[in-house]
Amino acid sequence: MQICKSQRRHHGGSVRAEMSKSRSQLAPYHRKLAADLRNSLGLDEPAITGIIDAIQVPDHRFLDKAAAFQFRKSWPAISDDEIVLAAKVGDQARALASGDRDAGADLASLISYFSSDILAQLFHDYGRRLPYARDANLDHLSAESELR
C-alpha cells in the first residue's frame with residue numbers, strides 16, 4: 001500500500017490505522033515475516049508491504065506459504081535486493097499456480113525437498129492439527145492401491 005503525501009494529509013491519522021487493519025488481514029506467516037523484516041532489516045512499512053504483495057499467491061495457500069518460506073531462506077544473503085528477490089519468488093509461485101514448472105523451477109525444487117515441512121508449518125500457522133497417518137490408514141491406502 002503506497003501512500004502519497006496528499007493522501008496522508010487528506011486522511012490524517014487514519015493512514016496508520018488503515019495500514020494496521022490491512023496487516024491484520026494478512027496470513028499469519030506474512031505478519032511474522034513483516035515483523036522480522038521490520039526488526040531484523042529495519043525496513044519501513046512501504047518496503048515491507050511491497051515485499052509481501054510481491055510474494056503473495058492468495059488463491060493457493062500452500063504456494064503462498066512456500067513463497068514466504070523461499071523468501072525467508074534467501075533474504076539474509078541478499079541485503080539490498082529484498083524487493084527484487086520477492087518479485088522473483090512471487091513470480092515463480094504464480095508460475096507454479098498456473099502450471100508452469102519451468103518458470104517456477106527454483107521454487108518447485110524447494111517444495112520437492114521441504115513440502116512436508118511447509119505443510120506442517122501451514123497447519124501450525126492456522127492453529128490446525130496435521131492429520132497423522134497411522135498404520136491402519138497406511139494399510140487402507142495400500143489396499144486401495146492394490147485394487148487398481
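Data block above holds the structure.
Residues numbered from 1 in each chain as written. Predicted model: local features only at pLDDT ≥ 70, side-chain atom pairs only at ≥ 80, totals over all residues. Heavy atoms only, no water.

Caption draft 1: Layout of the pattern of salt bridges. Tallying each qualifying case throughout the model produces seven salt bridges. Here Lys32 and Asp36 are joined by a salt bridge, their closest N and O atoms 3.3 Å apart. Residue Lys32 and its partner Asp36 are located together in helix α3 (residues 28-41), separated by four residues, close to a single helical turn. Note that Arg72 is salt-bridged to Asp36, the shortest N-O span being 2.7 Å. Here Arg72 is found in helix α5 (residues 61-74), whereas its partner Asp36 is found in helix α3, with 36 residues between them in sequence. When salt bridges that share partners are traced, they join Lys32, Asp36 and Arg72 into one network. (Salt bridge = Lys/Arg side-chain N within 4 Å of Asp/Glu carboxyl O. Helix = DSSP H or I, 4+ residues; strand = E, 2+ residues; numbered from the N terminus.)

Caption draft 2: Representation of the packing of α3 against helix α4 (residues 45-55). Packing of α3 against α4 leaves a shortest axis separation of 10 Å and a crossing angle of 140 degrees. The interaxial crossing formed by α3 with α4 has right-handed handedness. On the side of α3, the interface is formed by His30, Leu33, Ala34, Leu37 and Arg38, while α4 contributes Glu45, Ile48, Ile51, Ile52 and Ile55. The residue makeup of the contact of α3 with α4, split by class, is seven nonpolar, one polar and two charged. (Axes fitted to C-alpha atoms, helices over the stretch in contact; angles between N-to-C directions. Left-handed = near helix turned anticlockwise from the far one by under 90°. Contact = heavy atoms within 4.5 Å. Nonpolar A, V, L, I, M, F, W, Y, C, P; charged D, E, K, R; others polar.)

Caption draft 3: Up close: the nonpolar core. Counting residues in hydrophobic clusters, the biggest one holds 32 residues, and the most contacted among them are Leu33, Leu37, Ile55, Phe71, Leu107, Ile111 and Ile118. Of all the secondary-structure elements, those providing two or more residues to this core are α3, α4, α5, α6 (82-97) and α7 (105-125). Per element, the largest residue contribution to this core is seven residues, and it comes from α7. When sequence neighbours within four positions are dropped, the list of residues in contact with Ile55 reads His30, Leu33, Asp64, Ala67, Ala68, Ala86, Val89, Gly90 and Arg94. (Core = buried A, V, L, I, M, F, W, Y, C linked by side-chain atoms within 4.5 Å. Buried < 20%, exposed > 50% of the residue type's maximum accessible area, 1.4 Å probe, protein only.)

Caption draft 4: Representation of α4 within the structure. Three or more residues of α4 are buried, namely Ile48, Thr49, Ile51, Ile52, Ala54 and Ile55. Buried residues in α4 make contact with α3, α5 and α6. Sitting at the amino-terminal end of α4 is Asp44, which places a side-chain oxygen 3.1 Å from the backbone nitrogen of Ala47. (Polar contact = N/O pair within 3.5 Å; in protein donor to acceptor, adjacent residues only side chain to side chain.)

Caption draft 5: Region of interest: the packing of aromatic side chains. Taken as a whole and judged by the stated rule, the model has three aromatic pairs. Relative to Tyr126, the ring of Tyr29 has its centre 6.5 Å away and its plane inclined at 80 degrees; by these criteria the two rings are edge-to-face. Of the two residues, Tyr29 is situated in helix α3 and Tyr126 in the loop between α7 and α8 (135-147); the sequence distance between them amounts to 97 residues. With a relative accessible area of 36%, Tyr126 lands in the partly exposed category. (Phe/Tyr/Trp six-rings, centres within 6.5 Å; stacked < 30°, edge-to-face > 60°.)

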